[in-house]
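Descriptive structure summary
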Amino acid sequence: MIKVSVVGAKGRMGSHVVDAVNNADDTELALALDAGDDLSQITPENTDVVVEFTVPSVSLDNVRALVAQGVDVVVGTTGWTEEKLDQVRAALAAAPREGQSVFIAPNFAISAVLADYFAKVAAPYFESAEVIELHHPNKVDAPSGTAFHTAQGIAAARKAAGLGPVPDATETDGGSRGQVVDGIHVHAVRLRGLNAHEEALFGNDGEQLTIRADSFDRISFMPGVLLAVRKVSTGAYPGVTVGLDNFLDL
Ligand SMILES: NC(=O)C1=CN([C@@H]2O[C@H](COP(=O)(O)OP(=O)(O)OC[C@H]3O[C@@H](n4cnc5c(N)ncnc54)[C@H](O)[C@@H]3O)[C@@H](O)[C@H]2O)C=CC1
Ligand SMILES: O=C(O)C1=N[C@H](C(=O)O)C[C@H](O)C1
C-alpha cells in the first residue's frame, strides 16, 4: 500500500483526494492536514507521498518544508513560475533522502492534458492563437495555471517553427485583450455554474481551429492524481517533474 498524506485536505480538491485515496485499492490515507496544522507531523515513516492542493501563496513554502522532511510530493496547486521551480530544485538538492521527487501538474484531468498537448501540435500551423479559460467564481488566481501552461506551450511551439508575433492591430486596450503570456493573449472568465474549462483558439485566413476541454466535476482530476502518486512512489522520477503528460504515452 502507498501511504498518502493530503495537505489542503478540507479544500474542494483536497477533500476529493482524501476520498480517492481511501477508495483506491493500493493507497491508504496517512494524514489529512489543512491550514493551521503542523506539517512536521508528516515523516517518511508515516508517508510515502504527500498530495498538496492549497493556495498559490503558500504552496512553495509547504513543498519546501515537506522536501526537507524527506517525503515525495505531488502538487496540484497553481502559481508556479520558473523562479519558484528553481527554489524547489534547490530544496531537493539539500534534501535528506537521495532521489526525492516533486511532481507538479497544472491539471490532472485527461481532457485538459490532451487539449494542452493538441494545442502544441496545432500551434505551428496557425498565424493567430489565443487562450480562453473559464472557471467557477471561487477561484482565487487568474489566469488558470493550465491556461498559463498552454500559452507557454503554444508560444514555444510557434518559436520552434519560426513564427513571428501573432497579428494584432489593437491601439487602445483597457485590459480587454487579456494577459499576455510569452506573446499569447490569455482571457479568464469567472461564472457561477462553471467548473474548469479551456479553449485554445487558432486562426488563419478563412479557417479556425478550436480545441476545448471541459471538466464538469472535480472527480475528473482524481485518476490523474492517483496516477501521479503511483508513478512518484516508484522512485523513478527524482527531481522536479512538471506535467501529467510525462506519465502518458503521448
Ligand atoms: N492541478 C489540478 O488538476 C487542479 C488544480 N487546482 C488548484 O488547486 C488549488 C486548490 O484549489 P481548491 O481545492 O479549489 O481550493 P480551496 O480553496 O477549496 O482549498 C484550498 C485548501 O487549502 C487550505 N490551506 C490554505 N493554506 C494552507 C496551508 N498553509 N497549509 C495547509 N492547507 C492550507 C485551505 O484551508 C483550503 O482547505 C488551486 O491552486 C487550484 O487552482 C484545482 C483543481 C484542479
Ligand atoms: O481552481 C480550479 O478550479 C482549477 N485550477 C487549475 C488551474 O488553475 O489550471 C486546474 C483546473 O483548471 C481547475
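By convention here, each chain's residues receive numbers from 1 onward along its written sequence. Whichever chain is written first is A, and whichever ligand is written first is 1; the rest continue in order. Selection of residues for local features in this predicted model requires a pLDDT of at least 70, selection of side-chain atom pairs for listing and counting requires 80 or more, and totals for whole chains, interfaces and linings are taken over all residues. Here the side-chain values reflect all heavy atoms present in the structure, with hydrogen atoms and water set aside.

Taking an unreviewed UniProt entry as the reference, the protein is identified by name as 4-hydroxy-tetrahydrodipicolinate reductase belonging to Bifidobacterium catenulatum subsp. kashiwanohense. UniProt positions are given in the numbering used here, feature names are shortened, and annotations may be inferred rather than shown by experiment. Note on the protein: under the UniProt heading Subcellular location (unreviewed entry), the record states "Cytoplasm". In the Sequence similarities (unreviewed entry) part of its UniProt record, the protein is described as follows: "Belongs to the DapB family."

Some details on the UniProt feature "active site" (unreviewed entry) in the protein
Residues annotated by UniProt as "active site" (unreviewed entry) correspond here to His 135 and Lys 139. Not counting residues up to four positions away in its chain, the partners in contact with His 135 are Ser 144, Val 189, Arg 190, Leu 191, Leu 194, Asn 195, Ala 196 and His 197. Any pair of N or O atoms that falls within 3.5 Å is considered a polar contact. Within protein, one atom must be able to donate a hydrogen and the other to accept it, and sequence-neighbouring residues count only if both atoms are side-chain atoms. Looking at His 135, its side chain comes within polar contact range of the side chain of Glu 133, at 2.8 Å. Considering the arrangement of structural elements, one finds Lys 139 in the loop between strand 6 (128-135) and helix 5 (145-160). Whether two residues touch is decided by their heavy atoms; if any such pair falls within 4.5 Å, the residues are in contact. Residues in contact with Lys 139, not counting those within four places in the same chain, are Thr 78, Ser 144 and Arg 190. A run of H or I in DSSP becomes a helix once it reaches four residues, and a run of E becomes a strand once it reaches two; helices and strands are each numbered from the N terminus.

A look at the confidence of the model for the protein
pLDDT is defined as a per-residue confidence score from the predictor, taking values between 0 and 100. Confidence in the prediction for the protein averages 97 pLDDT; 100% of positions are at 70 or higher. Complex prediction metrics read pTM 0.96 and ipTM 0.99.

A look at the site of ligand 1
In the vicinity of ligand 1 lie 23 residues, with Arg 12, Met 13, Asp 34, Thr 78 and Phe 108 positioned nearest. In this structure, an oxygen atom belonging to ligand 1 sits 2.4 Å away from a side-chain N or O atom of Asp 34. In the environment of ligand 1, an oxygen atom lies 2.8 Å from a nitrogen or oxygen atom belonging to the backbone of Phe 108. For ligand 1, the accessible surface in isolation is 860 Å², of which the surrounding protein chains cover 81%. Only helix 1 (12-23) and helix 2 (56-68) provide two or more residues apiece to the shell around ligand 1. In terms of residues, the shell around ligand 1 owes the most to one element, helix 2, which gives 3 residues. Considered class by class, the residues forming the shell around ligand 1 number 10 nonpolar, 8 polar and 5 charged. We call a residue near a molecule or strand when any one of its heavy atoms sits within 4 Å of it. Calculation of accessible area relied on Shrake-Rupley with a 1.4 Å probe; when residues are assessed, cover is drawn exclusively from the protein chains displayed. In this classification, the charged set is Asp, Glu, Lys and Arg, the nonpolar set is Ala, Val, Leu, Ile, Met, Phe, Trp, Tyr, Cys and Pro, and all remaining amino acids, among them Gly, are polar.

Topic: the nonpolar core
Among soluble globular proteins, nonpolar side chains are generally buried collectively. Joining through side-chain atoms within 4.5 Å is the link that ties buried Ala, Val, Leu, Ile, Met, Phe, Trp, Tyr and Cys residues into a set, and such a set is a nonpolar core. Residue burial is assigned from relative accessible area. The probe radius is 1.4 Å, only protein chains are included, and a residue is buried under 20% of its type maximum, exposed over 50%, and partly exposed in between. Val 17, Val 51, Val 74, Phe 103, Phe 108, Val 225 and Val 229 are the most contacted members of the largest nonpolar core, which totals 30 residues. Of all the secondary structure elements, the ones that give two or more residues to this core are strand 1 (2-7), helix 1, strand 3 (49-52), helix 4 (110-122) and helix 6 (222-233). By residue number, the principal contributor to this core is helix 6, which donates 6 residues. Residue ranges assigned to each domain were obtained from an automatic or database domain assignment. Residue-level mapping places this core at the junction of two domains, with at least three residues from each of domain 1 (1-106 + 217-245) and domain 2 (108-215).

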